[in-house]
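The lines below spell out each chain.
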Amino acid sequence: MNTILLPEKGKWADLCERPGIGKSYLEDAIRDILYRVRTEKDEALRFYCNKFDSYIPESFKVSEKELNDAEKLVPENLRKAIIFAGKNIEKFHASQIIDEQKVETSKGVRCWRKSKPIEKVGLYIPGGSAPLFSTLLMLGIPAKMAGCETIVVCTPAGRDGLVNPLILYTAKLIGLQDIYKIGGAQAIAAMAYGTESVPGVYKIFGPGNQYVTKAKQLVQMEGVAIDMPAGPSEVLIVADKSANPGFIAADLLSQAEHGPDSQVIFVTDDKALLEKTKEEVKEQAGKLPRLNIISKSLENSKLILLSSIDDCMDFSNMYSPEHLIIATSKPEMNALRVINAGSVFLGKYSCESLGDYASGTNHTLPTNAYARNYSGVSTESFSKRITFQEVTEEGIKILGPVVELMAEAEMLAGHGNAVTIRLKDIAND
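To keep things clear, this report deals only with the structure shown in the data block.

Scoring rules and cut-offs
- Residues numbered from 1 in each chain as written.
- Predicted model: local features only at pLDDT ≥ 70, side-chain atom pairs only at ≥ 80, totals over all residues.
- Heavy atoms only, no water.
- Helix = DSSP H or I, 4+ residues; strand = E, 2+ residues; numbered from the N terminus.
- Polar contact = N/O pair within 3.5 Å; in protein donor to acceptor, adjacent residues only side chain to side chain.
- Contact = heavy atoms within 4.5 Å.
- 1 Å grid on protein atoms, 1.4 Å probe; cavity = no way out; pocket = protein on both sides within 12 Å on 5 of 7 lines; lining within 4 Å.
- Points joined across faces, edges and corners; volume = space filled by probe spheres on them.
- Nonpolar A, V, L, I, M, F, W, Y, C, P; charged D, E, K, R; others polar.
- Pairing = 2+ DSSP bridges.
- Axes fitted to C-alpha atoms, helices over the stretch in contact; angles between N-to-C directions.
- Phe/Tyr/Trp six-rings, centres within 6.5 Å; stacked < 30°, edge-to-face > 60°.
- Buried < 20%, exposed > 50% of the residue type's maximum accessible area, 1.4 Å probe, protein only.
- Salt bridge = Lys/Arg side-chain N within 4 Å of Asp/Glu carboxyl O.
- Patch = residues over 30% accessible without salt bridge, like charges linked within 9 Å, V, L, I, M, F, W, Y side chains within 5 Å.
- Areas by Shrake-Rupley, 256 points an atom, 1.4 Å probe, with all protein chains shown as cover.

**As for the side chain of Asp227**
Here is step 1 of the chain: Note that Asp227 resides in the loop between β8 (225–226) and β9 (234–239).
Here is step 2 of the chain: Only 2.7 Å separates the side chain of Asp227 from the side chain of Lys216, close enough to count as a polar contact.
Here is step 3 of the chain: With near-sequence residues (within four places) excluded, Asp227 lies in contact with Lys203, Ile204, Phe205, Gly206, Lys216, Thr364, Tyr374 and Val377.

**Observations regarding empty space enclosed by the protein**
Here is step 1 of the chain: Inspection of the entire model under this criterion finds one cavity of 30 Å³ or more.
Here is step 2 of the chain: If you go around the largest cavity, the residues you meet are Ile237, Ala243, Asn244, Phe247, Ile248, Asp251, Ile325, Ala327, Gly347, Lys348, Ser350 and Cys351.
Here is step 3 of the chain: Those elements giving two or more residues to the lining of the largest cavity turn out to be α10 (245–256) and β12 (323–327).
Here is step 4 of the chain: The element best represented in the lining of the largest cavity is α10, accounting for three residues.
Here is step 5 of the chain: Looking at side-chain class alone, the lining of the largest cavity contains seven nonpolar, three polar and two charged residues.

**As for the sheet that holds strand β3 (residues 109–117)**
Here is step 1 of the chain: Pairing is antiparallel in the open sheet, where three strands are placed in the order β2-β3-β14. Looking at which strands have only one partner, the edges of the open sheet turn out to be β2 (103–106) and β14 (383–391). For this sheet the average axis-to-axis angle between neighbouring strands, irrespective of direction, equals 30°.
Here is step 2 of the chain: As paired elements, β3 and β14 share nine bridges and run antiparallel to each other. Paired with Cys111 across the bridge in β14 is Gln389.
Here is step 3 of the chain: Sheet strands in contact with helix α16 (residues 393–409) are β2, β3 and β14, and its direction is about 95° off that of β14.

**Concerning the sheet that holds strand β5 (residues 150–155)**
Backbone-to-backbone hydrogen bonds pair the strands of a sheet. The strands run either parallel or antiparallel.
Here is step 1 of the chain: Taken together, five strands build an open sheet; the order of strands is β6-β5-β4-β7-β8 and the sheet is parallel. Unpaired on one side and paired on the other, β6 (178–181) and β8 mark the two borders of the sheet.
Here is step 2 of the chain: Here strand β7 (residues 203–205) runs beside β8; their pairing, made up of two bridges, is parallel. Bridge pairing in β8 places Lys203 opposite Ala225.

**So, the environment of Thr135**
Here is step 1 of the chain: With respect to the helices and strands, Thr135 occurs in helix α6 (residues 133–146).
Here is step 2 of the chain: The spatial distance from the C-alpha of Thr135 to the C-alpha of Ile167 is 9.1 Å, given a sequence separation of 32 residues.
Here is step 3 of the chain: Setting aside its immediate chain neighbours within four residues, Thr135 contacts Tyr124, Ile125, Pro207, His363 and Thr364.
Here is step 4 of the chain: Side-chain polar atoms of Thr135 contact the side chain of His363, separated by 2.7 Å.

**Looking at the packing of aromatic side chains**
Here is step 1 of the chain: Going through the model one piece at a time under the given rule, you end up with six aromatic pairs.
Here is step 2 of the chain: For the pair Trp12 and Phe315, a centre-to-centre distance of 5.6 Å together with 80° between the ring planes defines the contact as edge-to-face. With Trp12 in helix α1 (residues 12–15) and Phe315 in helix α13 (residues 309–319), this residue pair connects regions lying 303 residues apart in the sequence. Residue Trp12 shares its accessibility class with Phe315, and that shared class is buried.
Here is step 3 of the chain: Taking the centre distance of 5.7 Å and the plane angle of 80° together, the rings of Tyr370 and Tyr374 count as edge-to-face.

**A word on the environment of Ala256**
Here is step 1 of the chain: When you line up the elements, Ala256 lands in helix α10.
Here is step 2 of the chain: Measuring from C-alpha to C-alpha, the distance between Ala256 and Val235 comes to 8.7 Å, with 21 residues separating the pair along the chain.
Here is step 3 of the chain: Sequence-distant contacts of Ala256, defined by excluding residues within four places in its chain, comprise Ser262, Val264, Ile293, Ile294, Ser297 and Leu298.

**Some thoughts on the pattern of salt bridges**
Here is step 1 of the chain: By the definition in use, this model includes 18 salt bridges.
Here is step 2 of the chain: Salt-bridge contacts for Glu234 lead to Arg18; the nearest nitrogen and oxygen are separated by 2.8 Å. Taken together, the residues Glu234 in strand β9 and Arg18 in the loop between α1 and α2 (23–40) connect sequence positions 216 residues apart.
Here is step 3 of the chain: Overall, Arg18 belongs to the buried group, its relative accessible area being 16%.
Here is step 4 of the chain: Among the salt bridges present, the one from Arg337 reaches Asp314, with a minimum N-O distance of 2.9 Å. Pair noted here: Arg337 is in the loop between α14 (331–335) and β13 (343–346) and Asp314 is in helix α13, with a separation of 23 residues, a long-range link.
Here is step 5 of the chain: The structure contains a network of salt bridges with shared partners spanning Glu27, Arg31 and Lys214.

**Quick word on a nonpolar patch on the surface**
Here is step 1 of the chain: Among the surface-exposed residues, Leu399, Val402, Val403 and Met406 lie close enough to one another that they form a single nonpolar patch of about 310 Å² accessible area.
Here is step 2 of the chain: Looking at the secondary structure, you find Met406 in helix α16.

Structural data, given as structure tokens:
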């Protein structure tokens, strides 16, 4: 990891830069994939499955037999753990379903909103070096809870053409049937445009690498909604001298192992803690099986010494991390300063891994500084709000003249006339 001691505030923005592929190369490559899938459909999907995943599927859709067989391949203790996590996730996301009340904005004018599920949604579940069955819990549970009619799942298969049984077991557990063996940007294209095998959807959810993220951003420009630009994982940790350097190192490494383009940042006001954490990172990393991935990730990562915890929190808000861990003696007080973050973990026992799997909060979160203007996935993400209004005779008598004046001022006579004709009708009764 790169160590930076007491950088000037003018240099903070540079320290907030994320690693990435050249933007022009990335966008050109993804546009080619999107175009080919849109025009050639299943034929293009077979080409890309062969090119990127080294297999050509006879059928993209996971069979009922594959779904049923998956349960036998998952150990009982792990099945119980998944069920436990699922219940916590369901409980937290159920709390987000709110029945909004009708509001009388003025006499005789009632306004209200109703939530309606998005009819067709697509869930992208990474399944390469780390099959993220937990992401299926995070997306599938609120999608079912919101009442989405069609829930399409795309996830890559291995060279044997099989999807990881943990993903299939989780899908069956939460009642998902439409699972397709497609990964990468081509999966995003399939769900966005639809093919002979894969239904098109109205909104696409799920994390992925920079290719998947760019594909989501591009199809969004064509009218398909997305949850957020959720790219390579990241964590920022703020800690003071009360923190445990071993805990900090473990949390940094837990995110670094996601992928070579992940980024982890540690900021502190205590130089001794920084040095101890640096030693812990080196020692713990050597014991982890994904050391090759971790090493590449750490090349893009930083240990930063700042003059105060207040400065650390200011830096965090500028960085706008996907995950923020506050490991200070007064984490709740420091949390009051949080402006930009996807999900926040307070205190020495609130490790980010708990949120990734089982605390109940959603782990599909904005990355790459998008926490400045995006929220993480919630039950509301799978629905849209429709507004209603009902105006009585008394209501239009009060509100009508207001609208007539405003419409006249904007020189929109038709708007004003829609009110005036009703007021005249009332006056003539």
